[in-house]
Every structure is written in structure tokens, then in C-alpha cells.
Amino acid sequence: MNIGPHRTGDPEYADLAGLLPPPAVPDLTPEREQRLKAALLSRTSTVDGRKAEAVPRPVPRPRLIRVLAPAVACALAIGGVVTFGTAETRPAGNVPATASPEAARLLDRIALAAGEGTRPPLRGDQFVYVESKVAYGSQSAGGGPVTPAPVRTRQVWLSADGTRPGLLREEGGPDSPLGADAAARTTYQELAELPTDPDALLARIRAETGGSGTQAPGADPDQRAFAAIGDLLMETWAPPRVSAALYRAAGRIPGVVVVPAATDAVGRHGVAVARTSEGRQTQWVFDPATHAFLGERTVLTESGEAGPKGTVVGTSAILTRAAVDRAGETPRP
């Protein structure tokens with residue numbers, strides 16, 4: 001499997017991913033945080049002992065995950081082809097050797113909340129349903145400023161074991177079937193098999209994204225890893241222990257910082273974890289009280305042809321995640 005840059009727009013796109021947001025929990029006091037850490041360690045050891053989350057093991061494949069891109073996160077439609085702002089080169093200036101202490105602490109708290117979640121695993125014959133609001137600007141083939149787009153509804157149905165056709169439905173467009181080719185995208189069962197040690201998980205993500213020394217000179221492996229984890233926060237489902245590991249892995253990426261105030265596509269206010277590359281900052285927005293993942297947005301950090309500094313070029317908001325029995329079915333209220 002390859003974790004690659006965002007792709008979307010055409011029914012032939014090959015990628016889409018996300019991750020169930022952490023469950024709502026009260027503000028973490030220091031005492032509660034210690035209890036959660038102890039509980040998470042206990043749960044992790046149980047998982048390693050194969051006692052928790054009885055998920056059928058998928059047939060091993062020579063890949064980790066394939067990211068099926070959500071149609072968000074700094075997309076720019078240029079000449080009819082949607083491209084995303086996943087930076088390929090390291091930004092100018094010095095990038096810190098580690099994530100900021102504030103970002104590492106925040107992501108640890110988010111991981112604690114995510115790891116505390118309890119929910120039954122999906123059956124192989126079910127579908128992950130994700131409803132979101134998305135908006136991403138467009139730019140003409142000749143360049144010029146980004147043209148804002150209205151926020152629209154997006155619905156996705158993904159087969160839990162990858163053997164059944166899924167469905168993509170976006171407001172204003174026709175339904176697009178998602179093929180049942182399990183090699184084309186990540187499934188719930190594959191996510192359940194990811195390493196739960198954050199260092200091992202990050203190493204695997206770096207290897208899959210060309211971040212282990214195989215990329216071209218000047219490429220930014222840290223941004224590739226950050227973008228890949230961001231893909232896995234958007235549109236699919238993962239067990240709590242894997243969610244926690246993804247957040248902790250992100251806390252080990254150099255250049256990751258905290259943005260104290262950010263909003264998602266529907267105007268919900270939150271705190272963001274972000275990374276900047278090539279004049280664009282990708283932000284993951286979280287509820288400041290519950291630590292739930294709200295959505296993602298990309299903001300220009302430098303003024304240029306695309307627009308002035310501060311321009312939002314892509315934004316999303318996750319509204320609903322649920323397990324359903326058929327593609328096209330929506331969960332009951």
C-alpha cells in the first residue's frame with residue numbers, strides 16, 4: 001500500500017481515508033489524565049494479548065494502507081483537474097527538529113481521549129458511513145487568485161472489509177460508485193492491524209510515503225507523513241488504540257505546532273494542530289473541551305498569486321460517522 005498525496009474529483013480517484021474522531025470526554029484534570037494513561041496502557045497490553053476488539057484478521061497484503069482522499073484539505077481545481085496542496089518540498093527557513101512541546105502535549109491529551117473510547121468493532125459485511133461538509137477553492141489553468149466555493153454536503157460509504165462496492169455522494173453531483181477492489185483503499189480491518197506503538201507507526205508511515213530516504217532531494221518527508229496521518233483522520237473508521245497511536249505519531253513530527261483558534265467548515269470553533277510547508281498551513285481542528293476531531297482546513301501563510309496571507313483554500317467538517325448495513329443507507333436519528 002502506498003500513502004500518497006490527496007487526490008479526488010473524478011470517479012476514478014483511487015484514494016479516501018479518515019479516522020473516527022475521539023469520543024467526547026470532559027476536560028482532563030491532571031488526576032484524570034493519569035488515570036486515562038494507566039487505562040490506556042492496560043488496554044494496549046490487552047490488545048497486544050489479542051483479547052480486545054475481536055476483529056477478524058484480514059489477509060496480509062504487501063502494503064499498509066491506501067489513502068482514498070476526501071475531497072477537501074486545500075484542494076485547488078486547476079483546469080478541471082483537482083490537485084491538493086500536499087507540499088513536495090521543504091519550506092524555506094528553519095524547521096524545528098521536533099514538534100513544539102505544546103503540540104506534543106495537546107496530541108497526547110487527544111490520544112488519551114481517543115484511546116479511552118469503547119465501541120463494538122464493525123462486522124466485515126458492514127459499511128463505514130461518513131457525512132461531512134466540504135469547500136475547496138478553484139484556480140484557473142492560467143493561475144490567478146483562488147476562487148472560493150460554497151460549502152456542500154459529502155457522504156461516503158466504505159466497505160468494512162473492502163469486498164463490497166461503496167458509494168460517494170456529493171451535493172450537486174451524481175452518485176459515484178466506489179469499486180470493491182480492496183487493493184485500492186484502506187479498510188477498517190486493515191486499520192485495525194496497524195501498529196499501536198507510535199514510533200513504529202510513524203516509521204511505517206514514513207516508509208510508505210517515501211520519507212525514509214527514498215524521496216527526491218529537497219522533498220519534505222515530514223510533511224508527507226503529516227499529510228498521510230491527516231488523510232487517516234478524515235473518512236473511515238479505526239479502533240481506539242489505532243486512533244491514539246496516530247495522534248501520538250503526529251506529535252513526533254518536526255514542525256508541528258498548535259494554532260489556538262481555528263474554525264471548521266460549519267463554523268465550529270476549536271484549537272488546531274498544524275504544520276506549514278510551501279506557504280500553506282494544514283490544520284486539524286479539535287473541540288477544545290472534548291478533544292473530538294472536527295475537521296481540517298488549509299490556509300495560505302504567504303501572500304502570492306493564489307491570494308493574500310490568511311486565505312482559506314480548503315475546509316471540511318465531519319458531522320456524522322456510523323456503521324450501516326448497506327451503501328446508500330443513512331443511520332437512524
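Residues numbered from 1 in each chain as written. Predicted model: local features only at pLDDT ≥ 70, side-chain atom pairs only at ≥ 80, totals over all residues. Heavy atoms only, no water.

Draft legend 1. Local environment of the overall build of the protein chain. Helix and strand content of the protein chain: 6 helices and 13 strands. Expressed as a percentage of its 333 residues, the buried residues of the protein chain come to 55%. In the protein chain, of all internal contacts separated by at least 6 residues, the share reaching a separation of at least 24 is 69%. A total accessible area of about 13800 Å² is found for the protein chain, and carbon and sulfur atoms account for 54% of it. (Helix = DSSP H or I, 4+ residues; strand = E, 2+ residues; numbered from the N terminus. Buried < 20%, exposed > 50% of the residue type's maximum accessible area, 1.4 Å probe, protein only. Contact = heavy atoms within 4.5 Å. Areas by Shrake-Rupley, 256 points an atom, 1.4 Å probe, with all protein chains shown as cover.)

Draft legend 2. Focus on the packing of helix α4 (residues 198-208) against helix α5 (residues 221-231). Viewed as axis vectors pointing N to C, α4 and α5 meet at an angle of 110 degrees, and their least axial separation amounts to 9 Å. Considering their axes alone, α4 and α5 lie roughly perpendicular with respect to each other. On α5, the residues that touch Leu202, Ile205 and Arg206 of α4 are Pro221, Asp222, Ala225, Ala228 and Ile229. Of the residues in the contact of α4 with α5, the class split is 6 nonpolar, no polar and 2 charged. (Axes fitted to C-alpha atoms, helices over the stretch in contact; angles between N-to-C directions. Parallel < 35°, antiparallel > 145°, perpendicular 65-115°, else oblique. Nonpolar A, V, L, I, M, F, W, Y, C, P; charged D, E, K, R; others polar.)

Draft legend 3. Region of interest: the pairing of strand β11 (residues 280-286). Counting buried positions along β11 gives 7 out of 7 residues, so the element sits mostly inside the fold. Burial along β11 is two-sided: Arg280, Thr282, Trp284 and Phe286 and Gln281, Gln283 and Val285, pointing in opposite directions, are all buried. Remark: 2 residues form the turn of the hairpin made by strand β10 (residues 269-277) and β11, two consecutive strands paired antiparallel; glutamate 278 in that turn has positive phi of roughly 55 degrees. In terms of strand pairing, β11 meets strand β12 (residues 293-300) through 7 bridges, oriented antiparallel. Within the sheet, the bridge partner assigned to arginine 280 lies in β12 and is leucine 300. Here β11 folds back onto β12, and the loop between the two strands holds 6 residues, one of which, histidine 291, carries a positive phi near 70 degrees. (Pairing = 2+ DSSP bridges.)

Draft legend 4. Examining the environment of serine 132 more closely. If you trace the backbone, serine 132 turns up in strand β3 (residues 127-136). C-alpha of serine 132 to C-alpha of leucine 294: the two residues are 162 residues apart in sequence and 9.8 Å apart in space. When near neighbours in sequence (up to four residues on either side) are disregarded, serine 132 contacts Arg152, Thr153, Arg154, Glu235, Ala317, Ile318 and Leu319.

Draft legend 5. How the structure looks around the confidence of the model for the protein chain. On average, residues of the protein chain carry a pLDDT of 74, and 66% of them reach 70 or more. Between residues 39-93, whose pLDDT stays under 50, and residues either more than four places distant or in other chains, the model counts 176 contacts. (pLDDT = per-residue confidence, 0-100.)

Draft legend 6. The nonpolar core, seen in detail. Counting 45 residues, the largest nonpolar core has Ile229, Tyr247, Val256, Val273, Trp284 and Phe293 as the members making the most contacts within it. Top element by residues in this core is helix α6 (residues 240-250). It accounts for 7 residues. Residues within four places of valine 273 in sequence aside, it is in contact with Leu106, Leu107, Phe226, Val256, Val257, Thr282, Gln283, Trp284 and Phe286. (Core = buried A, V, L, I, M, F, W, Y, C linked by side-chain atoms within 4.5 Å.)

Draft legend 7. Here's a closer look at the packing of helix α2 (residues 101-115) against α6. Where α2 meets α6, the closest approach of the two axes is 8 Å, and the angle between their N-to-C directions is 175 degrees. Between α2 and α6, the interaxial angle falls into the category roughly antiparallel. On α6, the residues touching Leu107, Asp108, Ile110, Ala111, Leu112, Ala114 and Gly115 of α2 are Pro240, Ser243, Ala244, Tyr247, Arg248 and Ala250. Along the lines of polarity and charge, the residues of the contact of α2 with α6 split into 9 nonpolar, 2 polar and 2 charged.

Draft legend 8. Spotlight on the environment of isoleucine 110. Here isoleucine 110 shows up in helix α2. It is 9.7 Å that separates the C-alpha atoms of isoleucine 110 and proline 288, two residues lying 178 residues apart in sequence.

Draft legend 9. Broad picture of the packing of aromatic side chains. In the structure shown here, the tally under the stated rule is 4 aromatic pairs. An angle of 70 degrees between the planes, with centres 5.7 Å apart, marks the rings of tyrosine 247 and phenylalanine 286 as edge-to-face. In this pair, tyrosine 247 sits in helix α6 while phenylalanine 286 sits in strand β11, placing the two residues 39 residues apart along the sequence. On the accessibility criterion, tyrosine 247 (0% relative accessible area) is buried. Take phenylalanine 286: its relative accessible area is 1%, and that puts it in the buried class. With a centroid separation of 5.6 Å and 70 degrees between ring planes, the pair formed by phenylalanine 286 and phenylalanine 293 is classed as edge-to-face. Phenylalanine 293 carries the same exposure label as phenylalanine 286, and that label is buried. Taken together, the ring pairs in this structure connect Tyr247, Phe286 and Phe293 into an aromatic cluster. (Phe/Tyr/Trp six-rings, centres within 6.5 Å; stacked < 30°, edge-to-face > 60°.)

Draft legend 10. Representation of α4 in the model. Buried residues of α4: Pro198, Leu201, Leu202, Ile205 and Arg206, and no others. Along the axis of α4, the buried residues cluster in a sector spanning 135 degrees; they form a single face. On the buried face of α4, the contacting elements are α5 and α6. The N-capping residue of α4, defined by a side-chain oxygen 3.1 Å from the backbone nitrogen of aspartate 199, is aspartate 197. (Arc of directions from axis to C-beta. Polar contact = N/O pair within 3.5 Å; in protein donor to acceptor, adjacent residues only side chain to side chain.)

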